[in-house]
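Fold and geometry: a report
Next come the chains, spelled out residue by residue.
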Amino acid sequence: MATAELSNLKLKAEDVKLHEAFPEAVSVETRKGYSGYTVKPEHLVEVATALRDRYNFKFLSAATPVHYLEQGQMEMVYHLYNLDAGGGAIVLHAQTSHDAPVLPSLTPIFPGADFQEREAWDLYGIKFTGHPNLRRILMWEGFHGHPMRKDWKEAYFEQDSKPYDTRWPGGQVHRVEDKNPFGNNVAYPDGFTLEGWSEESDRTMYDAMPVDGKGLTTEGMQTDYVTVNLGPQHPSTHGVLRLIVTLDGETIVKLDPVMGYLHRNHEKIGERNTFIQNIPFTDRLDYLTPMCNNHGYVMAVEKLMGAKVPERAEYLRVIMDEFTRVASHLWWIGFFLNDLGAFFTPALYMMTEREMILDVFEATAGSRMMVNYMRFGGVSRDLPPGALETLKELAFERLPRKIDEIEAYLTDNEIVRSRCIGVAALSAADAIGYSVSGPILRAAGVPYDIRKAEPYGIYDRFDFNIALGQTGDLFDRYKVRVFEARESVKILQQALTQLPEGEILSGKQQYQARVPAGEAYGRIESPKGELGFYTVSNGKPNPYRYHVRAPSFINLTSLGKACEGWKVADVVAILGSIDIVLGEVDR
């Protein structure tokens, strides 16, 4: 490696002066409350390539579209990280007209931009020149329009933001259907009808799949490629996920995930809600990790508000997050065994301690899964009597014993090892390129954990290690999650011992949040990877932009690459190893 490359290996975002390196192409973002750089679209590829190759910012974490209707602009916001240096992101803003929005694709530079650019095209109508497969990803192919645009109105549209005048304060309640300007829910505002849909639109899903290939069996017999569908109604796709698979016999030639069957436009709802109304909606993303979802969102808004969190509340957040991580990994281990062909009994065995954790969530937050627990500036409730003792029993006794049992039963199990070792190995370079995060990234040997790289809350107070694999295969993904469960228990033991007395919320209980204008990106290390929330405020009670960087969604970008060359029987295990929840994938 050249000396110049070595000198830039550990560069942090604040050390990079892009506006000086590219004075004609880049300017420092000047809008109040915004950060990063504005890049001219014609120079975006050049600047992004330099960030990857010259400055070592190889990890494109998030690519977020925003529609500024009043300015007549579309904007893409990119967050890039140097995984070797840690610290914050370099933020790039690329702007284009909203009448005919066009930007260059970054997919050839960062393959992890693939699904995110398709989402921006689908929901905002931004065309990305040079994208290898630009088509809808969350909406169905016959859908007309781009629903996240500020000028798109759906059937039964009432107002842009809540609370609606008809409901508060003192509004005259009526059936919105009676005043719907579009008549009914199948008479769309632009004239599209269901009868106008053509089967040809569905063919776009198959256009990128190879159809003319020839193969040979081990006996030398010539075979033809065949394209089949796995799901979306299938118990092994972890929800309504569809996989289009081209096969040469039993071998995967190409695989393309098709999602959106559970899409409910979470972000559109989030931009109509007030800031505080969005907290319970985050529970419905990855509904197996609701505490973490709450945490990532309130952190983003707290950055805009400049809110301070009491020390006891910070400890309670860590405690809830780490119990969530253990519960999520126990759940994953049980169902991964099911994906490998075991009976349902192992999954049930993993749930005993998880149920005890959910008991404490219910006693504290009032719900086992849809917790709605965290608030801007703290948490909503303190631990009830007896909960601390239960948590200590879990952290010091039951969970360490359970993890020991898991390892005794599974780590040297010949079936687990034969189905996992060497299967679907993902190199460190591919993992970074595909923007995967969490256990999958660390299984590939990349020591990156946001709790260490950019500590949030009070994570810098705790002693814990980062789990690492070597090859990125299915067995490494299993081992990383077991190790992470142990390290979470270590954090919990420290946090429960150190838990101070004091307030749990700064100020009074909030029913409305005053959020200054600006942008913020809050991210945490969820059990599945980097969970980020990008929010834009214009000073009003509702977010102007609310975007979820969903790890389940982005980690799926690597699925096609991981499955190529493996057998149909391996697909279910490879998909299971990613650990997706369709509520988070589709949003």
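Please read these numbers as outputs of a predicted model, since none were measured by experiment.

Observations regarding the overall build of the protein
In terms of regular secondary structure, the protein is built from 21 helices and 17 strands. Within the protein, buried positions represent 57% of all 587 residues. Of the contacts made within the protein by residues no fewer than 6 positions apart, 68% connect residues no fewer than 24 positions apart. Accessible surface for the protein amounts to roughly 23600 Å². Of this, 53% is attributable to carbon and sulfur atoms.

Some thoughts on the pairing of strand β16 (residues 529–537)
The buried fraction of β16 is high, at 9 of 9 residues. When β16 meets strand β17 (residues 545–549), the two strands line up antiparallel, connected through 5 bridges. In the strand pairing of β17, Gly532 is matched with Arg549.

Thoughts on the nonpolar core
The biggest cluster of nonpolar side chains holds 168 residues, and the ones touching the most others in it are Leu18, Tyr78, Leu92, Phe323 and Leu556. The greatest single-element share of this core, amounting to 14 residues, is contributed by helix α9 (residues 311–339). Each residue touching Tyr78, except ones within four places of it in the same chain, is listed here: Leu44, Leu60, Ala62, Ala63, Ile90, Val91, Leu92, Ala94, Leu106 and Phe128.

Remarks on the packing of aromatic side chains
Aromatic ring pairs: the centre-centre distance and the angle between the two ring planes describe each pair. Throughout the structure, instances matching the rule amount to 15 aromatic pairs. With a centroid separation of 6.4 Å and an interplanar angle of 45 degrees, the aromatic rings of Phe59 and Tyr448 are classed as tilted. Here Tyr448 lies in the loop between α15 (439–443) and α16 (450–453) and Phe59 lies in strand β3 (residues 59–68), a separation of 389 residues in the sequence. The exposure classification of Phe59 matches that of Tyr448, with both residues buried. These aromatic residues form a ring-pair network of at least three members: Tyr315, Tyr456, Tyr459, Phe462 and Phe464. When the ring centre of Phe464 is taken as reference, the NZ or CZ atom of Lys452 above it lies at 4.5 Å.

Considering the sheet that holds strand β4 (residues 73–81)
The 5 strands lie next to each other as β1-β2-β5-β4-β3, forming an open sheet whose pairing is mixed. The sheet is open, and its two edges are formed by β1 (26–28) and β3, each paired on a single side. Direction aside, the axes of adjacent strands within the sheet are offset by 25 degrees on average. Relative to strand β5 (residues 90–97), strand β2 (residues 37–39) runs parallel, the two being bridged by 2 bridges. When the sheet's bridge partners are listed, Tyr37 is paired in β5 with Leu92.

Comments concerning the environment of Ala573
Within the secondary structure, Ala573 is located in helix α20 (residues 568–578). According to the relative accessible area criterion, Ala573 is buried, its value standing at 1%. Setting aside anything within four residues of it in sequence, one finds Ala573 in contact with Phe336, Asp339, Leu340, Arg419 and Leu474.

Overview of helix α17 (residues 474–498)
Residues three or four positions apart in an α-helix share a direction because the helix packs 3.6 residues into each turn. Taking 1.5 Å of rise per residue, 25 residues should cover 36 Å, and α17 covers 36 Å from first to last C-alpha, within 8% of that figure. Of all the 25 residues making up α17, 18 are buried; the element is thus mostly covered by neighbouring parts of the structure.

Quick look at unusual backbone geometry
One non-glycine residue, Asn265, lies in positive phi territory at about 55 degrees. On the secondary structure map, Asn265 appears in the loop between β12 (251–258) and α6 (266–272). Accessibility expressed as a relative area gives 12% for Asn265, which makes it buried. For Ala424, which is not a glycine, the phi torsion comes out positive at approximately 55 degrees. Here Ala424 shows up in the loop between α13 (414–420) and α14 (428–433).

Quick word on the packing of α9 against helix α11 (residues 351–365)
The packing of two helices is summarised by the inter-axis angle and the distance between the axes. At a minimum axis distance of 9 Å, the contact between α9 and α11 shows a crossing angle of 145 degrees. Considering the relative orientation of α9 and α11, their crossing is left-handed. Residues Met320, Phe323, Thr324, Ala327, Leu330, Trp331 and Phe335 of α9 form the contact with α11, whose own contacting residues are Met351, Glu353, Arg354, Ile357, Phe361 and Thr364. Looking at the contact of α9 with α11 residue by residue, the classes come out as 9 nonpolar, 2 polar and 2 charged.

Digging into the environment of Val371
On the secondary structure map, Val371 appears in the loop between α11 and β13 (374–375). In this structure, the C-alpha to C-alpha distance between Val371 and Met291, residues 80 residues apart in sequence, is 6.9 Å. With residues up to four places along the chain from it excluded, the contact list for Val371 reads Asp283, Pro290, Met291, Asn294, Phe361 and Ala365.

What about the side chain of Ser537?
Residue placement: Ser537 occurs in strand β16. Contacts of Ser537, omitting those with residues within four sequence positions, involve Phe275, Leu304, Val515, Pro516, Ala517, Gly518 and Tyr544.

Here we look at empty space enclosed by the protein
Tallied over the full model, the rule gives 3 cavities of 30 Å³ or more. When its volume is computed, the largest cavity comes out at roughly 60 Å³. Along its surface, the largest cavity is lined by Tyr287, Leu288, Pro290, Thr324, Ala327, Ser328, Arg354, Leu358, Phe361, Arg368 and Met369. Of all the secondary-structure elements, those providing two or more residues to the lining of the largest cavity are α9 and α11. Considering only residue class, the lining of the largest cavity consists of 7 nonpolar, 2 polar and 2 charged.

Examining the sheet that holds strand β15 (residues 518–526)
In sheet architecture, strand pairing relies on hydrogen bonds along the backbone and comes in two forms, parallel and antiparallel. The strand order β15-β16-β17 describes an open sheet built from 3 strands, whose pairing is antiparallel. Sheet topology places β15 and β17 at the edges, where each strand pairs with a single neighbour. Averaged over all neighbouring strand pairs, the angle between strand axes comes to 10 degrees, with direction disregarded. Where helix α8 (residues 290–305) meets the sheet, its contacts fall on β15, β16 and β17, and the angle it forms with β15 comes to roughly 150 degrees.

So, the packing of α17 against α20
α20 packs onto α17 with a crossing angle of 30 degrees between their chain directions and a minimal axis gap of 10 Å. Accordingly, the angle class assigned to the pair α17 and α20 is roughly parallel. Note that α17 runs across α20; the crossing there is left-handed. From α17, Leu474, Arg477 and Arg481 reach across to α20, where they touch Ala573, Ile574, Ser577 and Ile578. The residue makeup of the contact of α17 with α20, split by class, is 4 nonpolar, 1 polar and 2 charged.

Some details on the pairing of strand β11 (residues 242–248)
Counting buried positions along β11 yields 7 of 7 residues, so the element is predominantly enclosed. As judged from the 5 bridges shared by strand β10 (residues 226–230) and β11, these two strands associate in the antiparallel manner. Paired with Val226 across the two strands is Leu247, which belongs to β11. One ladder, built from 7 bridges, connects β11 with β12; its direction is antiparallel. In the strand pairing of β12, Arg242 is matched with Val258. Connecting the antiparallel pair β11 and β12 is a turn made up of 2 residues, with Gly249 showing a positive phi of about 70 degrees.

Reading guide: rules and limits
- Residues numbered from 1 in each chain as written.
- Predicted model: local features only at pLDDT ≥ 70, side-chain atom pairs only at ≥ 80, totals over all residues.
- Heavy atoms only, no water.
- Helix = DSSP H or I, 4+ residues; strand = E, 2+ residues; numbered from the N terminus.
- Buried < 20%, exposed > 50% of the residue type's maximum accessible area, 1.4 Å probe, protein only.
- Contact = heavy atoms within 4.5 Å.
- Areas by Shrake-Rupley, 256 points an atom, 1.4 Å probe, with all protein chains shown as cover.
- Pairing = 2+ DSSP bridges.
- Core = buried A, V, L, I, M, F, W, Y, C linked by side-chain atoms within 4.5 Å.
- Phe/Tyr/Trp six-rings, centres within 6.5 Å; stacked < 30°, edge-to-face > 60°.
- Lys NZ or Arg CZ within 6 Å of the ring centre and 35° of its normal.
- Axes fitted to C-alpha atoms, helices over the stretch in contact; angles between N-to-C directions.
- Expected span 1.5 Å × (residues − 1).
- Left-handed = near helix turned anticlockwise from the far one by under 90°.
- Nonpolar A, V, L, I, M, F, W, Y, C, P; charged D, E, K, R; others polar.
- 1 Å grid on protein atoms, 1.4 Å probe; cavity = no way out; pocket = protein on both sides within 12 Å on 5 of 7 lines; lining within 4 Å.
- Points joined across faces, edges and corners; volume = space filled by probe spheres on them.
- Parallel < 35°, antiparallel > 145°, perpendicular 65-115°, else oblique.

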